[in-house]
Amino acid sequence: MTDDTSGTLDEALERLHASGPEHEGWLSNHAPMAVEALVRHGQGRTVHRWLDRYRDKLEEMPSSYARITEENWREALGDPRRLADWPAYFDRELAGRPWRDVLAVWWPRLLPGIAGGATHPVIRVGHAVRTLLDDPGTTTAPRTAELAHALGYWAARHAPLPPLRQQPGPASGSAADALAAVEPVADQSGGIRARLARLTAFPTWPPTPPLDQPPASQPTSRTTAPDAPDAPDAADPAEEARRRLTELVRAATHRYATHGHGSPVMLVHAATAPNAVLRVLPALPRELWAPSLDAAWAASAAVTAVYAPQEPLPADRLPSATGVTPEEVFARAAAHGDEHAIKLTDTALDVAQDPDALALAAALHACAMIDPAL
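Residues numbered from 1 in each chain as written. Predicted model: local features only at pLDDT ≥ 70, side-chain atom pairs only at ≥ 80, totals over all residues. Heavy atoms only, no water.

Q: How would you explain the side chain of S300 if you had to name every residue and give the values?
A: Checked against the element boundaries, S300 lands in helix α13 (residues 289-307). For S300, a relative accessible area of 0% translates into the label buried. S300 has contacts with L179, L248, A252, A270 and P274, leaving out every residue within four places of it along the chain. (Helix = DSSP H or I, 4+ residues; strand = E, 2+ residues; numbered from the N terminus. Buried < 20%, exposed > 50% of the residue type's maximum accessible area, 1.4 Å probe, protein only. Contact = heavy atoms within 4.5 Å.)

Written out as structure tokens, the structure is:
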């Protein structure tokens, strides 16, 4: 992370923690995620001006409904009336235990509801954990509080996907081909909650299980294709899960370049949700890496299915990233100002360290397609 000696991120988070996680009834508050990305990529000087522009989308934290405890948390899970109660619960948990211990307990509980809140809660958790991992020996109160807010948002909006049939995955075993094999739902009307309810089946991916255990997101029935590439390393299945998850993030980012026009805002999350999971892996026990991969695939495939266009964008209509540095691409996203463009660019730069021209083109495409006035 770019050194934040000015304390800009902590100041911004403190400014935001009086606000609720949503506005206009259910739209997500993206500000904590966007300001973390801005600071990380050297745009800290723009953060408070960005927040000034965003303030019309900030609403006060809702009123408390009822205190959440170890005895009643199950009945409170997925209850949006508890949008204020859940962050308060996690504040208490994080005050009494190391944040990694709290995360290790709650991550597997929350994974089955990864698509809740249009995947924004898990994305917010990914940004929060990234700041805490920057300096494992120390942390700050605003960053720990941000993890409480992020986990609390996820718990309140926890929403499992409907039961899904498993279809054969691609013979190649690649994440790109698996995303291409996801069938769009026939009816793409309405908001994301209505669309997700219409899901019926996903392709099986990855082609072989990284660990000998059922996934936490959706039950799968996997078979190993004899010609599947890159068979998992039996000596280190957790590392294989991380490799596959990295592949998924890259494939989803590339796919945004060619298919993002189907829904420029919503299809951002097909890449940013699995990337949030990837960011959290180093903070988790290794036995949770494989179920995390399964949940990330479920989230990316779900967003793809409910917003994918019928046809890709012709190659000659893609923005060119030739001669543009990653730093210049992020500067364009910061100048553009839209929170989705900023977050997609943040993810694109994670996978563009090669550098990766198609990932950078995806980021430029987001800036071109998303209306910053939205």
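Q: Now, about the pattern of salt bridges: what can you tell me, with residues and values included?
A: Side chains bearing opposite charge may pair, as long as their charged atoms lie close to each other. A complete count under the given rule lists 22 salt bridges for this structure. Close ionic contact of E247 with R244 constitutes a salt bridge, the shortest N to O distance being 3.2 Å. Highlighted residues: E247 and R244, both in helix α11 (residues 237-259), separated by three residues, approximately one helical turn. Across the pair R250 and D356 runs a salt bridge, and its minimum N-O distance is 3.7 Å. (Salt bridge = Lys/Arg side-chain N within 4 Å of Asp/Glu carboxyl O.)

Q: Describe the nonpolar core, with residues and values.
A: In terms of nonpolar packing, the biggest core is built from 118 residues, with W86, W107 and L199 touching the most fellow members. When residues of this core are assigned to their parent elements, the largest contribution, 14 residues, is made by α13. Beyond its immediate chain neighbours, meaning those up to four positions away, L199 contacts L161, P162, L164, V185, A302, A305 and V306. (Core = buried A, V, L, I, M, F, W, Y, C linked by side-chain atoms within 4.5 Å.)

Q: Outline the packing of helix α14 (residues 326-336) against helix α15 (residues 339-351), supporting the account with residue identities and numerical values.
A: For the pair α14 and α15, interaxial distance at closest approach is 9 Å and the crossing angle is 170 degrees. Considered as vectors, α14 and α15 are oriented roughly antiparallel to each other. Here the hand of the crossing between α14 and α15 comes out left-handed. Note on element contacts: α15 touches α14 through A341, I342, T345, D346 and L349, opposite P326, V329, F330, A333 and H336. Among the residues making up the contact of α14 with α15, the classes are represented as seven nonpolar, two polar and one charged. (Axes fitted to C-alpha atoms, helices over the stretch in contact; angles between N-to-C directions. Parallel < 35°, antiparallel > 145°, perpendicular 65-115°, else oblique. Left-handed = near helix turned anticlockwise from the far one by under 90°. Nonpolar A, V, L, I, M, F, W, Y, C, P; charged D, E, K, R; others polar.)

Q: Account for the layout of surface pockets, naming residues and giving values.
A: Over the atoms rolls a probe the size of a water molecule, and its path tells where empty space is left. Computed from the structure, the largest pocket encloses a volume of approximately 610 Å³. Along its surface, the largest pocket is lined by 36 residues, and W26, L27, S28, A118 and H120 are the ones closest to its centre. At the level of secondary structure, the elements contributing two or more residues to the lining of the largest pocket comprise β1 (22-23), β2 (27-28), α8 (141-157), α10 (192-196) and α15. Tallied by class, residues from the lining of the largest pocket come to 19 nonpolar, ten polar and seven charged. (1 Å grid on protein atoms, 1.4 Å probe; cavity = no way out; pocket = protein on both sides within 12 Å on 5 of 7 lines; lining within 4 Å. Points joined across faces, edges and corners; volume = space filled by probe spheres on them.)

Q: Could you give an account of the packing of aromatic side chains, with specific residues and numbers?
A: Taken as a whole and assessed by the stated rule, the structure comprises ten aromatic pairs. Here W86 and F90 contribute two aromatic rings whose centre-to-centre distance is 5.8 Å and whose plane-to-plane angle is 25 degrees, an arrangement assigned as stacked. Here F90 and W86 lie together in helix α5 (residues 85-96), a separation of four residues that amounts to about one turn. Connected via pairs of aromatic rings, a cluster forms that spans W73, W86, Y89, F90 and W106. The ring of W106 carries R109 above its face, with NZ or CZ at 4.6 Å from the centroid. Between R286 and the ring centre of W289, over which it is positioned, the NZ or CZ distance is 4.9 Å. (Phe/Tyr/Trp six-rings, centres within 6.5 Å; stacked < 30°, edge-to-face > 60°. Lys NZ or Arg CZ within 6 Å of the ring centre and 35° of its normal.)

Q: Break down empty space enclosed by the protein for me, with residues and values.
A: Per the counting criterion, the structure on display carries three cavities of 30 Å³ or more. The space that makes up the largest cavity amounts to roughly 80 Å³. Taken together, L179, A252, R255, Y256, H259, G260, L267, A270, S300, T304, A308 and P309 form the lining of the largest cavity. The set of elements that each furnish at least two residues to the lining of the largest cavity consists of α11 and α13.

The values are spatial; any link to function lies outside them.
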